[in-house]
Structure formats: C-alpha cells, structure tokens
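Examining the three-dimensional arrangement
Below, each chain spelled out in residue letters.
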Amino acid sequence: MGLEAVSRLFGSLGLTRAPSEAVLPPLRPEDICTSDPERRVPAELLGQARPQLAAHTHGLQTRSPSRARVTWTPQQYERFAVRVREYLAQNPTLLAHHAAWHEINGPGGTRGEGSGSAFLQMHHEMIVTMEQFITASGRDLDLVPLVEWRPSQVVPPQLGDFKRNSVALNVQLPPWLTTAGSSSSTAPFNGPPTAPIFGYTKLGDFKSLDELGRALGSGFPDNLGYHGAGHAAAGAVMWSRSAPEDPVFWLWHRHIDNIVETWIATPNGRAWAATPEGQAWRSATGHHHEVFSSDDLVGRRTGTLLRMRRDDPAGYERYMSSSSFEAQANTWPADALGINVVRSERLVTRGVTVQTLATGLRLPTGLTFASNGNVFFTERNGSTRIIRNGFVQEELVAPPSIAAALPASPEQIAHVREMLRDAYGLLGDIVQGPDGYIYVTTANRRPGGTPAGSDDQILRIIPTR
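**Re the overall build of the chain**
Across its full length, the chain carries 15 helices and 10 strands. Going through the 465 residues of the chain one by one, you find that 54% of them count as buried. Taking the intrachain contacts of the chain between residues at least 6 apart in sequence as the baseline, contacts between residues at least 24 apart amount to 65%. Element-wise, carbon and sulfur atoms account for 54% of the exposed surface of the chain, whose accessible area totals about 20,500 Å².

As structure tokens, then:
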C-alpha cells in the first residue's frame, strides 16, 4: 500500500496526521530491571504482591477475557511504557526477528499453510513472554495480565509520544468479530457485515483458529483487515517494521488475543481447543525472538538483518522504518486470496499440502488470476467462470483482460503428475500462479476418467518443507 492509499485510509477514518518517526524518551539506568534470577526482588519482600502464576500466566491457565480489566490508571500505562523499553533493551534481536517473520509470512500472517493460526500463535506467544518478563522482574505485578487497547479507544498519552496519526482513531470492531454477530449489532461500522474470505456473520461461526486469523488479516479496509487497520490508523512506528517499539502494539495484540479467547468460549472454539493446536495455544510458553534457527527462512532473514544493522546502520533504519503493509509485500499473499479452501489434504511423505479450491466443475482449463485474488477459468462448454469470495459464481463472465498464469516447467509438470496421479485421477492444466504455487485442474470427466460427484476440481499445491 502506497502513501496515497494510506492517506485515503486515514481520511476515511477521520485522521489527518501523516506518519512520522517516534520520539522516545531517554532510558535511564535506574529504569532498568531484568528477568535474571540473580537480580529478582527477594520473595520475602514481595509479600502479598507475589504473582499468582496460575491466574496470570498463559502457560498454566488461560484467563477469561471477561474478567480482564478494561483500562489501567495513568500511572500503570506510564510504568508499562518503561517495561516495554526495558524488554527491548534486553532483547536486541526481537525487532529484526519480528520484521523477518512478517516479511516471510505477510503483514497479517497471510501467506502459506496455517498462516492465520501461525500469525495469531506467534503474537500470542509474544504477549505471554512480555507478561513473563514483567512477572520475573518482581516489579509492577499489577500490570499482569496486560489490559487490551482497541483502536476505537483513545490512545493513553502515558504510553509515550510516538507521533501517531491520531490519539482518537475511531476504528470500530467489525460485527462479525462479536458473539452477537452482524444481525444484532448496533455498533457503527462502515465495512461489510460479513467476514472476508469465509462470509461468516458472527465470531462463533469460525471453525478454526486458522480461519479466524486469515479473516483478521484480510478484507476491509483496503485489504488490511481489522489487524492492519489498527496499525495503519495509529501510524508512525505502529505502521512500520519496528511496531513492537510502540507500547500500544502490545496492548493491541492483547485485544486480538482476547478476541481469540472469546471465540474459544463458543462451541466451535471449544471443539478446536481440544485439538493439539488448541492445546498448544493454552500451553504457550512464550516466543523468544533471540532464539532462532538459521535453518528456516525467517531465521536466515533475521541473520541478514542483524548483519545489516551492524554493517549498514542507515540501510537497516530505512528498512525498519518502512511498512510491512506496503503493496510489494501484500500484492499476492497466497492465502489472503478471496478463496475459501474446501479441503486441505496433507501428503506428508511428499512434503506438500494439496488445497481444494473448487469442486464439481466440468473440465476446467485456462486458469487466469486477478490481482485481487479472483480466479478465472474456462469450462468444457467454452464459458468463463470466476471464483470470488470463496465460491464459484453461477453467472458466466467475460474473459478478463489480464495475463494468464505462467506455465509450469516440464520438471514441475512431471513431478506433479507423478505425485497426484493416484489421489486425483486424470489431471488437466498445471500452471504456476502469481503467488509462486502450482495450480492444477483435474479432468476426470474427460474420456478415460471416472468422475465422482466432486469432480472436476481446482487444486493448489503448497510445499510444507
């Protein structure tokens, strides 16, 4: 998203202040505390202030958002801002690793298999780690658990002067993120009444954390989603790759966490909480950005950024002050597409996941992709159809005046045909989409095929290793 689009968004939200750099108050030596056990406050001095870990630590028990405090006192906000500065001072690789994670996975965690849940889990672990840091210091125990901040609320001035676009952002919670839902919501919201990608009307409709995460990172406004809108409306540091420097980042993601916790209390959420993924959420032990592996893409990119910080400080600052939500980072995130994945079949031994994007077609061919995520294809009778907002539209459309997909290489075609031949029958077109993934049509209604009721299909193949 360019500056012009950002300005339009700010205007639609009633904001006029342009993004700018934050002004950080100096960090005094006496402000520094630590999670080092050798420097903790002795237990006998804590008295009644000793933390109750079972009530406050996500690693032991997930708290109910309904019992969370809505606001702090001005003094609590001020002390939390100091704690954030301490935490970043003691974790010098956090900003680079966080930026690398978003560069690889998309601004809202909208790229790749499980991206929605991976995005929510990673930031949940960040909140857990921050609460653990405060608890281990033996100070400011009244800040645990963190309170949430919603972009419909005024930014507490005690969090620091970060030259934000506004302190009154007026970004409302979408009705589909509430338990009451769109049909009974009276809150002002000028976006669509249903969730992007999935079309759900209330929070309890989501069937998995992955669905909820993808919806939070997609759609209105300007494909920023509710998550991106909070960052954009605050602006300045919150709109940059250095967003965790702004204390409001942590309270914003506490709000996102609370949405998840509210969803977990619904029937679909309770069913998900019983799965291994749900257990991982409840047993979160924290996300330590200073511990990363050079064997994965995020780890390698983190190492590159840390070397840049050492060898080219000016280039590093330019990179970190730019936005994760820029157009080149979000032009074609594979799973922010307007596609509702019908089924995801993991071929473990082959290292891929096969996603079924559409079923029950008649010899689909000629896949063509639009930049907004729509997928066009031609059926046997010569008509062109479209997959829009997760569903194959019944109406026929004129062929789009955009470039077709790239042809897959002969090696890719041979590999895909060998890999899928027993699982999906006869295969048709095998092409590479703008996201870099391989798209396949099946052709079981062709002579020689044995079509089932779900044939033919459009598949997307995503590597998992």
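**Some remarks on the packing of aromatic side chains**
Inspection of the entire model under this criterion finds 10 aromatic pairs. On the numbers, 5.2 Å between centres and 65° between planes, the contact of Tyr 226 with Trp 252 is edge-to-face. Note that Tyr 226 is positioned in helix H8 (residues 225-234) and Trp 252 in helix H9 (residues 247-264), a separation of 26 residues in sequence. Here Tyr 226 matches Trp 252 in class, with each residue buried. Every member of this aromatic cluster is reached through a ring pair, and the members are Tyr 87, Phe 133, Phe 249 and Trp 250. The ring of Tyr 319 carries Arg 301 above its face, with NZ or CZ at 5.2 Å from the centroid.

**Side note on the environment of Glu 261**
Structurally, Glu 261 can be placed in helix H9. Among the residues examined, Glu 261 registers a relative accessible area of 6% and is labelled buried. Along the backbone, Glu 261 and Arg 282 are 21 residues apart, and their C-alpha atoms lie at a distance of 10.0 Å. Here the side chain of Glu 261 touches Trp 281 through a polar contact of 3.1 Å, side chain to side chain.

**What to know about the environment of Gly 106**
Its location among the elements puts Gly 106 in the loop between helix H5 (94-105) and helix H6 (115-137). Residue Gly 106 is classed as buried on the basis of its relative accessible area, which comes to 0%. For the pair Gly 106 and Ser 324, spaced 218 residues apart in the sequence, the C-alpha separation amounts to 7.6 Å.

**Some points on the packing of helix H7 (residues 209-216) against H9**
Their axes nearest at 11 Å, the elements H7 and H9 cross at an angle of 140°. On the basis of their axis angle, the class for H7 and H9 is oblique. Crossing of H7 over H9 shows right-handed handedness. Counted together, Leu 209, Leu 212 and Leu 216 of H7 and Ile 256, Val 260 and Trp 263 of H9 form the full contact between these two elements. Here the contact of H7 with H9 is composed, by residue class, of 6 nonpolar, no polar and no charged.

**Quick look at the side chain of Arg 460**
Mapped onto the secondary structure, Arg 460 falls in strand E10 (residues 458-463). At 3.2 Å, the side chain of Arg 460 and the side chain of Tyr 439 are in polar contact.

**Points about the pairing of E10**
Of all the 6 residues making up E10, 5 are buried; the element is thus mostly covered by neighbouring parts of the structure. Taken together, the 6 bridges between strand E2 (residues 352-358) and E10 define a ladder with antiparallel strand orientation. Looking at the pairing, Ala 358 lines up with Ile 458 of E10. Examined bridge by bridge, strand E9 (residues 438-442) and E10 share 4 bridges and lie antiparallel to one another. Of the residues in E10, the one forming a bridge with Tyr 439 is Arg 460.

**Points about the packing of H8 against H9**
Angle between the axes and distance between the axes are the two parameters that describe a pair of packed helices. Taken N-terminus to C-terminus, the directions of H8 and H9 make an angle of 160°; their axes are 11 Å apart at the nearest point. On the basis of the axis angle, H8 is roughly antiparallel to H9. As H8 runs across H9, the sense of the crossing is right-handed. Between H8 and H9, the contacting residues are Tyr 226, His 227, Gly 230 and His 231 on the first element and Phe 249, Trp 252, His 253, His 255, Ile 256 and Ile 259 on the second. The residue inventory of the contact of H8 with H9, partitioned by class, reads 5 nonpolar, 5 polar and no charged.

**Some points on the nonpolar core**
Membership of the largest hydrophobic core comes to 67 residues, with the highest contact counts inside it found for Phe 80, Phe 206 and Trp 250. Per-element accounting of this core gives the leading share, 10 residues, to H9. Leave out the neighbours within four places in its chain, and Phe 80 touches Trp 72, Met 130, Ile 134, Leu 143, Leu 146, Leu 159, Pro 247, Trp 250 and Leu 251. Formed by 14 residues, the second largest nonpolar core is a distinct cluster that contains Val 354, Leu 420, Leu 427 and Ile 438.

**Details of the confidence of the model for the chain**
The predicted model of the chain averages 76 in pLDDT, with 71% of residues at 70 or higher. Confidence, read as mean pLDDT per element, is least for helix H3 (residues 53-56) in the chain (32) and greatest for H9 (96). Across residues 13-67 the pLDDT falls below 50, and counting only partners more than four positions away or on other chains, this stretch makes 105 contacts in the model.

**Here we look at H8**
Most of H8 sits inside the fold, with 10 of its 10 residues counted as buried. For H8, the complete set of buried residues consists of Gly 225, Tyr 226, His 227, Gly 228, Ala 229, Gly 230, His 231, Ala 232, Ala 233 and Ala 234. A positive phi of about 70° marks Gly 235, the residue just after H8.

**Things to note about unusual backbone geometry**
At the junction of Val 144 and Pro 145, the peptide bond is cis and its omega measures out at 0° in the coordinates. You can see Pro 145 is positioned in the loop between H6 and H7. With a phi angle near 55°, Asp 140 is a residue other than glycine that sits in the positive phi range. By the element assignment, Asp 140 lies in the loop between H6 and H7. Accessibility expressed as a relative area gives 13% for Asp 140, which makes it buried.

**Some remarks on the pattern of salt bridges**
Applying the stated rule across the entire model yields 15 salt bridges. Across the pair Lys 163 and Asp 161 runs a salt bridge, and its minimum N-O distance is 3.4 Å. According to the relative accessible area criterion, Lys 163 is partly exposed, its value standing at 26%. A salt bridge links Asp 246 to Arg 164; the nearest nitrogen and oxygen atoms lie 2.7 Å apart. With Asp 246 in the loop between H8 and H9 and Arg 164 in the loop between H6 and H7, the pair connects residues that are 82 residues apart, well separated along the chain.

About the criteria used
- Residues numbered from 1 in each chain as written.
- Predicted model: local features only at pLDDT ≥ 70, side-chain atom pairs only at ≥ 80, totals over all residues.
- Heavy atoms only, no water.
- Helix = DSSP H or I, 4+ residues; strand = E, 2+ residues; numbered from the N terminus.
- Buried < 20%, exposed > 50% of the residue type's maximum accessible area, 1.4 Å probe, protein only.
- Contact = heavy atoms within 4.5 Å.
- Areas by Shrake-Rupley, 256 points an atom, 1.4 Å probe, with all protein chains shown as cover.
- Phe/Tyr/Trp six-rings, centres within 6.5 Å; stacked < 30°, edge-to-face > 60°.
- Lys NZ or Arg CZ within 6 Å of the ring centre and 35° of its normal.
- Polar contact = N/O pair within 3.5 Å; in protein donor to acceptor, adjacent residues only side chain to side chain.
- Axes fitted to C-alpha atoms, helices over the stretch in contact; angles between N-to-C directions.
- Parallel < 35°, antiparallel > 145°, perpendicular 65-115°, else oblique.
- Left-handed = near helix turned anticlockwise from the far one by under 90°.
- Nonpolar A, V, L, I, M, F, W, Y, C, P; charged D, E, K, R; others polar.
- Pairing = 2+ DSSP bridges.
- Core = buried A, V, L, I, M, F, W, Y, C linked by side-chain atoms within 4.5 Å.
- pLDDT = per-residue confidence, 0-100.
- Salt bridge = Lys/Arg side-chain N within 4 Å of Asp/Glu carboxyl O.

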